[in-house]
Amino acid sequence: MEEIYKRYSQIVFHFLYARCGDGELAEDLMQETFLKALEAIDTFDGSCKMSTWLCQIGKHLLYQHWEKSNRAKLEMLEEEMKASNDTEKEVMFKMELTDVWDILQTLPTDMRKVIELRALSDMSYKEIGGMLGKSENWARVTFYRGKMILIREAGYGKDEM
């Protein structure tokens, strides 16, 4: 495994850094990638390059990190509402947030990721498209279509969103 680390660590680091733009996070995820690879090395069947396999592990760890981050942001929003003295607004906010979150979970995976990355991680369409292996325009259109679905399904008028 040491030889694999020496040979592929920079490839995995640069792959992750290109997607998240944070050197410290990329370094942490790269190390975690090799720990996961060590645990699962018996499952590597050679059907793809070792670097591809390692980058896939890293990509999944990055997605997990972002999902945890997004959940934390939603929890922070909830905490802000708890601090509010207006109970009626708090209840309405929670109900709407829950409804939108539930609808978001029903969207196709790529569409959901685009919305989460844009709305919760404040990433640009170019960054999102690059991360998902698509164009900036694809990310923009996918976000718009997903937003329209959320508006329609949540029962908002276009002027309310």
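Residues numbered from 1 in each chain as written. Predicted model: local features only at pLDDT ≥ 70, side-chain atom pairs only at ≥ 80, totals over all residues. Heavy atoms only, no water.

(A) Focus on the overall build of the chain. Of regular secondary structure, the chain possesses seven helices and zero strands. Walking the chain from its N terminus toward its C terminus, one meets helices and strands in the order α-α-α-α-α-α-α. Buried positions account for 32% of the 161 residues belonging to the chain. Within the chain, residue pairs in contact and separated by at least 24 positions form 54% of the contacts whose partners lie at least 6 positions apart. Accessible surface for the chain amounts to roughly 10300 Å². Of this, 50% is attributable to carbon and sulfur atoms. (Helix = DSSP H or I, 4+ residues; strand = E, 2+ residues; numbered from the N terminus. Buried < 20%, exposed > 50% of the residue type's maximum accessible area, 1.4 Å probe, protein only. Contact = heavy atoms within 4.5 Å. Areas by Shrake-Rupley, 256 points an atom, 1.4 Å probe, with all protein chains shown as cover.)

(B) Spotlight on the environment of Thr33. Topologically, Thr33 is positioned in helix 2 (residues 23-40). Separated by 26 residues in sequence, Thr33 and Lys59 have C-alpha atoms that sit 8.9 Å apart. Setting aside its immediate chain neighbours within four residues, Thr33 contacts Val12, Leu16, Leu54, Ile57, Gly58 and Leu61. Among the polar contacts listed, one links the side chain of Thr33 to the backbone oxygen of Leu29, at a separation of 2.7 Å. (Polar contact = N/O pair within 3.5 Å; in protein donor to acceptor, adjacent residues only side chain to side chain.)

(C) Main features of helix 2. For helix 2, which comprises 18 residues, the first-to-last C-alpha distance of 25 Å matches the rise-based estimate of 26 Å (1.5 Å per residue) to within 8%. What helix 2 keeps buried is the set Leu25, Ala26, Leu29, Met30, Thr33, Phe34 and Ala37. For helix 2, the buried positions fall inside an angular range of 170 degrees around the axis, keeping them on one side. In helix 2, the exposed residues that point more than 90 degrees away from the buried face are Glu24, Leu35 and Glu39. (Expected span 1.5 Å × (residues − 1). Arc of directions from axis to C-beta.)

(D) Structural view of the packing of aromatic side chains. A complete count under the given rule lists five aromatic pairs for this structure. For the ring pair Phe13 and Tyr17, a centre distance of 6.0 Å and an interplane angle of 15 degrees mean the geometry is stacked. Highlighted residues: Phe13 and Tyr17, both in helix 1 (residues 2-20), separated by four residues, approximately one helical turn. For Phe13, a relative accessible area of 17% gives the class buried. When the ring of Tyr125 is compared with that of Phe143, the centres are 5.9 Å apart and the planes differ by 65 degrees; the resulting orientation is edge-to-face. Here the residue Tyr125 occupies a position in helix 6 (residues 125-131), and Phe143 occupies one in helix 7 (residues 136-154), the gap between them amounting to 18 residues. The burial state of Tyr125 is the same as that of Phe143; both residues are buried. (Phe/Tyr/Trp six-rings, centres within 6.5 Å; stacked < 30°, edge-to-face > 60°.)

(E) Main features of the pattern of salt bridges. On inspection of all chains with the given rule, the structure shows four salt bridges. The salt bridge involving Glu2 is made with Lys6; its shortest N-O contact spans 3.5 Å. Within this pair, Glu2 and its partner Lys6 are both found in helix 1, separated by four residues, close to a single helical turn. In this structure, Arg152 engages Glu153 in a salt bridge whose closest nitrogen and oxygen atoms are separated by 3.5 Å. For Arg152, a relative accessible area of 56% puts it in the exposed group. (Salt bridge = Lys/Arg side-chain N within 4 Å of Asp/Glu carboxyl O.)

(F) Inspection of a negative patch on the surface at higher detail. Together, Asp22, Glu24, Asp28 and Glu32 make up a region of like negative charge exposed at the surface. Take Asp28: it is sitting in helix 2. Judged by relative accessible area, Asp28 falls into the partly exposed class, the value being 44%. (Patch = residues over 30% accessible without salt bridge, like charges linked within 9 Å, V, L, I, M, F, W, Y side chains within 5 Å. Lys, Arg positive; Asp, Glu negative; His and termini not counted. Charge placed at Lys NZ, Arg CZ, Asp CG, Glu CD.)

(G) Quick peek at the confidence of the model for the chain. Of the residues in the chain, 85% have a pLDDT of 70 or more, and the chain-wide mean is 83. For the chain, helix 4 (residues 87-106) is the element with the lowest average pLDDT, namely 69, and helix 2 is the one with the highest, namely 92. (pLDDT = per-residue confidence, 0-100.)

(H) Region of interest: the layout of surface pockets. Considered as a void within the structure, the second largest pocket measures approximately 170 Å³ in volume. Along its surface, the second largest pocket is lined by Ala18, Arg19, Cys20, Gly21, Asp22, Leu25, His65, Trp66, Met123, Glu127, Gly130 and Met131. Those elements that provide at least two residues to the lining of the second largest pocket are helix 1, helix 3 (50-82) and helix 6. Looking at the lining of the second largest pocket residue by residue, the class counts come to six nonpolar, three polar and three charged. (1 Å grid on protein atoms, 1.4 Å probe; cavity = no way out; pocket = protein on both sides within 12 Å on 5 of 7 lines; lining within 4 Å. Points joined across faces, edges and corners; volume = space filled by probe spheres on them. Nonpolar A, V, L, I, M, F, W, Y, C, P; charged D, E, K, R; others polar.)

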